[in-house]
Amino acid sequence: MSEKWIAGIDLGGTTTKIAFVTLNGELIEKWEIPTDNSNEGQNITLNIAKSIDEKLHELGKSRDSLLGAGMGAPGPVDYQTGVILNAVNLGWQDHFPLHASLEAATSLPAVIENDANCAALGEMWKGAGNGAKDVVCVTLGTGVGGGVIANGNIVQGVNGAAGEIGHITVVPFGGAPCNCGKTGCLETVASATGIVRLANEELAKEGASGRLVDILTANGSITAKDVFDCARTGDALAKGIVDTVAFHLGFALAAIANTTNPEKIVIGGGVSKAGHILLDAIHESFAKFAFSPVRESTQLALATLGNDAGVIGAAWLIKKKMDQE
Ligand SMILES: [Zn+2]
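What counts and how
Residues numbered from 1 in each chain as written. Predicted model: local features only at pLDDT ≥ 70, side-chain atom pairs only at ≥ 80, totals over all residues. Heavy atoms only, no water. Helix = DSSP H or I, 4+ residues; strand = E, 2+ residues; numbered from the N terminus. Rg over C-alpha atoms; globule rule 2.2 N^0.38 Å. Buried < 20%, exposed > 50% of the residue type's maximum accessible area, 1.4 Å probe, protein only. Contact = heavy atoms within 4.5 Å. Axes fitted to C-alpha atoms, helices over the stretch in contact; angles between N-to-C directions. Left-handed = near helix turned anticlockwise from the far one by under 90°. Nonpolar A, V, L, I, M, F, W, Y, C, P; charged D, E, K, R; others polar. Donors = N, O, S within 2.8 Å, 3.2 Å for Na, K, Ca; no water. Tetrahedral: all angles 85-135°; square planar, octahedral: opposite > 155°, others 65-115°. Domains from an automatic or database assignment. Pairing = 2+ DSSP bridges.

## Describing the overall build of the protein
Helix and strand counts for the protein stand at 11 helices and 12 strands. Against the 2.2 N^0.38 benchmark of 20 Å for 325 residues, the protein shows a C-alpha radius of gyration of 21 Å, consistent with a compact globule. Taken along the three principal axes of its C-alpha coordinates, the protein extends 65 × 45 × 35 Å. With 325 residues in all, the protein has 50% of them scored as buried. Contacts in the protein between residues at least 24 apart in sequence constitute 61% of all its contacts with a sequence separation of at least 6.

What follows is the structure, encoded as structure tokens:
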């Protein structure tokens, strides 16, 4: 009997990542296709199915080689109906029946999940979580996403909105506006956008000096990476910004850890590429706000799978479904 694979799909607004993954979580093949948002997103699942067939053909395999298709999608999921909510950037009307559409297009059993939760499952299975069953993941990118895994299961919540770590209020008074409609969310200070905003605030102050000022003068703008690069060279203004970001992150993560006491908190996303300068600063704040049994047992770690976390986590959804049947 030839080896069976799972199709793991990470659906994004502009590109869709697809992979064939073994039941042990090993990546066999991974590739990307553009996401076609035209025609109210009617082609999205059809294009995915076609691409999967082409890749199988290329590898000399048939559709029978696949056990199912797991997908991470950029929006909250209604688990009862398999409907995705609020995915307007994909061209879909609110309440698109994604689960049914994916099963019809691929003729495979499908499972869908929110994309941040998929990344968390990927890190739990094959990444920094390293098989731990109680893991919290926070993704620091353009926004801040999260996933909370308790005893191997994603905490979904009554409306599919659990684990939205980015919308924990960390600045209760006078915070910046967030995309969710609130103010002072973690996302407004710990996303790449939030870090740049904080830096621009500091740079606008009278007497601001240092390397970031030079970069701003030379380039007309700065990036989150500039902030970390300058902090690494000891620049005081940049270090101050990293400390502020890490303070709020450590505060929010300690509150989550005091509630769930996970084995690991995995920090991923583009901003986490800053590495240990960020992790060490978060650790300091985390240690201050986590109470001692949690501080002694919950570890902070950098994500290790990068962009592959989503497709691996999506594949895990099918493995889990099979284990339950
Ligand atoms: Zn928010």
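## Considering the packing of helix H1 (residues 44-58) against helix H2 (residues 98-106)
The interhelical angle for the contact between H1 and H2, taken along N-to-C directions, is 35 degrees, at an axis separation of 8 Å. As H1 runs across H2, the sense of the crossing is right-handed. Here Thr45, Leu46 and Ala49 of H1 come into contact with H2, specifically with Leu98, Ser101, Leu102, Ala105 and Thr106. Taken together, the residues that form the contact of H1 with H2 break down as 5 nonpolar, 3 polar and no charged.

## Examining the coordination of the zinc ion
Coordination of the zinc ion by the protein involves His167 (ND1), Cys178 (SG), Cys180 (SG) and Cys185 (SG), with metal-donor separations of 2.0 to 2.3 Å. In this structure, the zinc ion is coordinated by 4 donor atoms arranged in tetrahedral fashion, with angles at the metal of 105 to 120 degrees. One chain supplies every donor to the zinc ion, and in sequence these donors are spaced H-x10-C-x1-C-x4-C. Of this pair, His167 sits in the loop between strand S10 (153-154) and helix H4 (187-190) while Cys178 is found in the loop between S10 and H4, placing the two residues 11 residues apart along the sequence. For Cys178, a relative accessible area of 10% translates into the label buried.

## Things to note about the domain arrangement of the protein
Domain boundaries assigned for the protein yield domain 1 (5-114 + 308-314) and domain 2 (128-304). Measuring from the centre of the C-alpha atoms in domain 1 to the corresponding centre in domain 2 gives 29 Å.

## Comments concerning the sheet that holds strand S7 (residues 110-114)
Read across the sheet, 5 strands follow the order S3-S2-S1-S4-S7 without closing on themselves; strand pairing throughout is mixed. One side of each edge strand has no neighbouring strand; the edge strands of this open sheet are strand S3 (27-34) and S7. Across the sheet, the mean angle from the axis of one strand to that of its neighbour is 20 degrees, orientation sign disregarded. Taken together, the 5 bridges between strand S4 (residues 66-73) and S7 define a ladder with parallel strand orientation. Following the sheet pairing, Gly70 is matched in S7 by Val111. Packed on one face of the sheet, helix H11 (residues 309-324) meets strand S1 (5-11), strand S2 (15-22), S3, S4 and S7 and runs near 130 degrees to S1.

## Quick notes on the side chain of Ser191
One can find Ser191 in the loop between H4 and helix H5 (192-203). When sequence neighbours within four positions are dropped, the list of residues in contact with Ser191 reads Gly141, Thr142, Gly143, Val144, Leu186 and Val271.

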